[in-house]
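# Secondary and tertiary structure notes
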Amino acid sequence: MDLTGDYRLTSLKRVEKIPVGIDAFVFRLVGRFRSRRSVIRRILRTARKIDSLGRSLSEKSDAELKGRIEGLAALLKRPVKDSTLCEAFALMQEAAFRTMGYRPYVEQIAGALCLYHGYIAEMSTGEGKTITAAMCAAVRGLSGMPCHVITANDYLASRDAQIMKPLFDYCGLTVGAVTGAMKPEERRAGYAAAITYSTAKEVLADFLRDRIAMGKMQNFSKRLLDRFSLQGGEFGRGVVQRGLCTAIVDEADNVLIDEAVTPLIISRENKNEGFNESCRQAYELSGKLQEGIDFLVDGKLRTIHFLTDMDEWLEGPASSGFSKAAFLKDLIRQALTARYLFVAGRQYVVEEGKVVIVDESTGRKMPMRSWNGGLHQMIELKEGLELSGLKETEARMSFQRFFRLYKNFSGMTGTGKEALGEFWTIYGSPVLCVPNHRRCLRKIFMLRIFSTKESKRVAIVREVMNVHASGRPVLIGTKDIDESETLAEMITALGLECRVINAVRSDDEAAIIERAGRLGAITVATNMAGRGTDIKIPDKVKKLGGLHVIATECNPSSRIDRQLFGRAARQGDPGSASHYASFEDDVLRRNLPGPLWTLTRHLGRLSALAVRWAQYSAGRKAMKSRLSVQRTDTWLEDSLGFSGNDV
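Keep in mind that what you see is a predicted model, and the values were worked out from it rather than measured.

### Considerations on the side chain of Thr415
- Within the secondary structure layout, Thr415 lies in the loop between β13 (408-413) and α18 (420-427).
- A polar atom in the side chain of Thr415 sits 3.2 Å from the side chain of Gln563.
- Every residue in contact with Thr415, bar those within four places of it in the chain, is listed here: Glu122, Asp253, Arg559, Arg562 and Gln563.

### Quick notes on a nonpolar patch on the surface
- A cluster of nonpolar side chains, contributed by Ile22, Phe25, Val26, Leu29 and Val30, occupies part of the molecular surface with about 460 Å² of accessible area.
- Among the structural elements, Val30 can be located in helix α2 (residues 22-34).

### A few points about the pattern of salt bridges
- Per the stated rule, a full pass over the model turns up 27 salt bridges.
- In this structure, Arg159 and Asp160 form a salt bridge, with 2.8 Å as the shortest nitrogen-oxygen distance.
- Residue Asp160 is classed as buried on the basis of its relative accessible area of 2%.

### Concerning the packing of helix α3 (residues 37-55) against helix α5 (residues 82-100)
- Between α3 and α5, the least distance of the axes is 8 Å, while the angle of their chain directions is 55 degrees. One element, α3, and the other, α5, form an angle in the oblique class. In terms of crossing hand, the pair formed by α3 and α5 is right-handed. Here Thr46, Ile50, Asp51, Leu53, Gly54 and Arg55 of α3 lie close against α5, whose contacting residues are Cys86, Glu87, Phe89, Ala90, Gln93 and Glu94.
- Its residues assigned to classes, the contact of α3 with α5 shows 5 nonpolar, 3 polar and 4 charged.

### Some details on the pairing of β13
- For β13, the tally of buried residues reaches 5 of 6 residues, placing the bulk of the element in the interior.
- Relative to β13, strand β1 (residues 120-122) runs parallel, the two sharing 3 bridges. Each bridged residue has a counterpart across the sheet, and for Glu122 the counterpart in β13 is Thr413.
- Sheet analysis places strand β5 (residues 246-250) next to β13, joined by 5 bridges and oriented parallel. Considered in β13, the bridge of Ile248 is made with Ser410.

### What about the domain arrangement of the protein?
- Domain boundaries in the protein define domain 1 (3-14 + 25-221 + 236-267 + 398-433), domain 2 (272-388) and domain 3 (441-626).
- Here domain 1 and domain 3 have C-alpha centroids that lie 31 Å from each other.
- At the interface, 19 residues of domain 1 touch 20 residues of domain 3.
- When the two sides are added together, the surface that domain 1 and domain 3 hide from each other amounts to roughly 1800 Å², 44% of it contributed by carbon and sulfur.
- Ranking the residues of domain 1 by area buried against domain 3 places Thr125, Gly126 and Tyr155 at the top, with a combined share of 29%.
- Remark: the boundary between domain 1 and domain 3 carries 4 salt bridges.
- Note that Arg626 is salt-bridged to Glu422, the shortest N-O span being 2.5 Å.
- At the junction of domain 1 with domain 3, the criterion picks out 11 residue pairs in polar contact (both at pLDDT 80 or more).
- Counting residues per element, the ones that place at least two in the side of domain 1 that touches domain 3 are α8 (154-170) and α12 (252-258).
- Tallying contributions element by element places α12 first for the side of domain 1 that touches domain 3, with 4 residues.

Each value, and the rule that gives it
- For every chain, the first residue of the written sequence is number 1, and numbering continues from 1 along that sequence.
- Only residues with pLDDT of at least 70 are given local features in this predicted model, and only at 80 or more are side-chain atom pairs given and counted; all residues enter the totals for whole chains, interfaces and linings.
- The side-chain figures draw on all heavy atoms in the structure; neither hydrogens nor water molecules are used.
- Segments assigned H or I by DSSP are reported as helices when at least four residues long, segments assigned E as strands when at least two residues long, and all are numbered from the N terminus.
- Counting of polar contacts relies on pairs of N or O atoms within 3.5 Å, with two restrictions inside protein: one atom must be capable of donating a hydrogen and the other of accepting it, and residues adjacent in sequence are counted only when both atoms are side-chain atoms.
- Residues are treated as being in contact if the distance between any of their heavy atoms lies within 4.5 Å.
- Nonpolar side chains (Val, Leu, Ile, Met, Phe, Trp, Tyr) within 5 Å and like charges within 9 Å form the patches, drawn only from residues with over 30% relative accessible area and no salt bridge.
- Note that accessible areas follow from Shrake-Rupley with a 1.4 Å probe, and for residues the cover is restricted to the protein chains shown.
- For salt bridges, the criterion is a side-chain nitrogen of Lys or Arg within 4 Å of an Asp or Glu carboxyl oxygen.
- Classification of residues uses two cut-offs on accessible area relative to the type maximum, computed with a 1.4 Å probe and protein chains only: under 20% is buried, over 50% is exposed, and between them is partly exposed.
- Between N-to-C directions, angles cover 0 to 180 degrees, with each direction set by a line fitted to C-alpha atoms, over the stretch in contact for helices.
- Working rule for angles: under 35 degrees goes down as roughly parallel, over 145 as roughly antiparallel, 65 to 115 as roughly perpendicular, anything else as oblique.
- For a crossing to be left-handed, the near helix must be turned anticlockwise from the far one by less than a right angle; the clockwise case is right-handed.
- Under the scheme applied, nonpolar residues are Ala, Val, Leu, Ile, Met, Phe, Trp, Tyr, Cys and Pro; charged residues are Asp, Glu, Lys and Arg; polar residues are all the others, including Gly.
- What makes two strands pair is DSSP finding at least two bridges between them.
- Start and end points for every domain follow an automatic or database-based domain assignment.
- Buried area adds together the accessible area that both of two parts lose upon being put together, with accessible area traced by a 1.4 Å probe.

What follows is the structure, given as structure tokens:
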């Protein structure tokens, strides 16, 4: 590794503290000013100039075009002039046309310019964010600096890298993808490419593992002094990344907000038979406690409240013969949490004798991840599995702090306006709304809310039958695996064929998505199909009214609901969406006060106000969790500032 690459490996942007008090008020005003409409109007004018310039390149040969792209690489390594940037994006537009078969339009060029200048670009679902990110990534990649394109899941990372490979090849750039199942050698090859597609969890996990591998050599000055004393090239042997330079985050609200509630922790497993035995004892003791007498289950806060003095109970005859470990009370709480608050098919699935966590916001499995504090072991006992070892934390970092370490940071999403303040306050990125290329023809029907889940399911199946009779394809979005399987069984019982996508049945995801827009297709999916999924519909379906989407339950954020609706009526196509909810849904049960829950369920159509209240309350709770993570980051930074490491 040369000196420049060695320096870049640990060179990070200085993280500024988030302002508070009057400073925070002034800071928010600055954010509002930088998000003003005149900014996007100016960018659109520049995009139109680039579009004209790009069309003028159509007569150039491939050799001439590639020569000009190669010549730009040297110019992009220095401070970039406006004329150079315009030429770069014009060349990307023409290159995209020659390799992908379509010419990126003005709004997509404007979105790419927003990304290049560090904004969060809000582009409606179906407006072509994949090619928008690729154009910006190609321009950044030509500078020779590593560029990471962050997607919502492994499927999208692999898909987007494969789709955009012809464009990058034409520009003389390499592209790679890093997914959860890859080994270190494959990861190193993925990061060695000019542009790397991956997920936030994988990039952050690799960053932390690299820091662990570097040990005391994280500081470039120390490495420079010891450079010639290291024998056999020991430094960097376990490092896979090339540094943090540019991050372009697709589905930015999901990655930077919805999934940023908890930090990412790197841990190692140590066999601790004493701890495992305590877990077995605690789980057995928890079976002797009675709900309503010894403890209460708080479904809203997802916690257990003891009604009995557990210290005294543990000294009594009910627990005779058991160890009196100091943390036994906490383990019993975890055991009750596993028994009453964690359900197979919702928070986790069991595969090959192991508990695999399911991400509730995306519906996807998260292998190689586990709960801490003994909770994972309690769920293993609940499912009758062999206990895993105790996890010891080696490194920890929040997504908020991690993405602020990139020198060039930007993002895009179809639902960014609701989170405008948080994007600016935490990440220092203003939100700009890019107008649609074509008028959206989506019809969204009024929310229908029911008292029970069963009555809601009956109404959903009835609507599926009516829409299917017209020949239109139907996409049914559910919140968890159990609900997707239940609805699929009800539809199949009526003699209709339907396909299911969830964390358990994800092998044929790409093939099912490809067929989901065909005439008469019925697809039931968890939130796996709610982001980044482009369902193509043939002309015959367009004439019938396009894809119809049914949301079976309200999500904690209306942004996630809007993402599901966005699978229909993309890029000027017709389409529609309907929305269902019941007072037995988790969002309403957890976030509505008892009296309000009782009152609003008898208000007819006005009961839809309860859904808005519940989503607002859930959003406030999630915001508090993210602020708590941020405060912990600040505390750790202040407390460990004497360590001398960069991070």
